[in-house]
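# Notes for the structure review
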Amino acid sequence: MKKLMLTTLAVVSFMFANAQDGGGQTAKGKWLVEANTGFGGFGAAPGIGIGHTASTGIQFYSIKDTGTGFNFGGEAGYFVMDDLAIKLGLGYGSFSPDSDLLEDINTFSYKIGAKYYIMSKIPVQVDYTGSSIKDFDDDPSFIGLQGGYAWFLGDMVSIEPGLRYNLTTDDEVAESFLQLNVGFALYF
């Protein structure tokens, strides 16, 4: 699975490597503010039943015969050197099970990581994402590995589609999962 993800990421990166010049958006001293949408994999948590896990993205979902949920979040970063940003993120989510026997699951999530833009346009990210789930003793946390491509729409905006692999830090609390993201970033 990891080899397939890395191979796919490499092929996509090389396909778009010469498409554009990112310019000074990722220069030292700039700020990055972004929101991501996530598609696929919810990292089922055995102790919780449904896979409501740590996320700083924006998601709305419904799982047949299980329930519905949402998540709102965002991330910000500071470029400590050209093309390298240190990032922090926060998110809040809620899942409402279809069963009257279960209560809503509310989650507060946080993220810290680093994002590097190869050739100022191919973002790769490594981060730690944790969460606090109300009324649960064991909270899921993940090491995230992400890569993609940044389409700059001007001096201040980019769209960044990419793949993300969330590696669980505890198999008994949550499962690892693969995700497709579409990020929207602002540069100041």
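Data block above holds the structure.
Before going into details, it helps to say that this report is about the structure given with it.

About the criteria used
Residues numbered from 1 in each chain as written. Predicted model: local features only at pLDDT ≥ 70, side-chain atom pairs only at ≥ 80, totals over all residues. Heavy atoms only, no water. Pairing = 2+ DSSP bridges. Helix = DSSP H or I, 4+ residues; strand = E, 2+ residues; numbered from the N terminus. Salt bridge = Lys/Arg side-chain N within 4 Å of Asp/Glu carboxyl O. Buried < 20%, exposed > 50% of the residue type's maximum accessible area, 1.4 Å probe, protein only. Phe/Tyr/Trp six-rings, centres within 6.5 Å; stacked < 30°, edge-to-face > 60°. Polar contact = N/O pair within 3.5 Å; in protein donor to acceptor, adjacent residues only side chain to side chain. Contact = heavy atoms within 4.5 Å.

### Quick word on the pairing of strand 4 (residues 84-97)
Both strand 3 (residues 67-81) and strand 4 contribute to a ladder of 14 bridges, which runs antiparallel. Residue pairing in the sheet places M81 in a bridge with L84 of strand 4. Taken together, strand 3 and the strand that follows it, strand 4, pair antiparallel across an intervening segment of two residues, in which D83 is found at a positive phi of about 75°. Pairing of strand 4 with strand 5 (residues 105-118) involves twelve bridges; the strand directions are antiparallel. If you follow A85 over to strand 5, its bridge partner there is K115.

### Quick notes on the pattern of salt bridges
Under the defined criterion, the tally for this structure stands at six salt bridges. A salt bridge links K115 to E34; the shortest N-O distance between them is 3.1 Å. Of this pair, K115 sits in strand 5 while E34 sits in strand 1 (residues 31-39), placing them 81 residues apart in sequence. Per residue, the accessibility class of K115 equals that of E34, and both read buried.

### Some words on the packing of aromatic side chains
Applying the stated rule across the entire model yields ten aromatic pairs. Taking the centre distance of 6.2 Å and the plane angle of 15° together, the rings of Y61 and F95 count as stacked. Taken together, the positions of Y61 in strand 2 (residues 59-63) and F95 in strand 4 put the pair 34 residues apart, joining distant regions of the chain. Each member of the pair Y61 and F95 is classed as buried. Note on F142 and F177: the rings are 5.5 Å apart at their centroids and 85° apart in plane angle, and the pair reads as edge-to-face. Placement of F142 in strand 7 (residues 141-148) and of F177 in strand 10 (residues 177-187) is noted, with a sequence separation of 35 residues between them. Of the two residues examined, F142 and F177, each falls in the buried class.

### Points about the side chain of K111
Residue placement: K111 occurs in strand 5. Classification of K111 by relative accessible area gives buried; the value is 9%. At a separation of 3.4 Å, a polar atom in the side chain of K111 contacts the side chain of T56. Not counting residues within four places of it along the chain, the set of residues in contact with K111 comprises T56, E75, K87, L88, G89, Q125, D127, Y128, T129 and R164.

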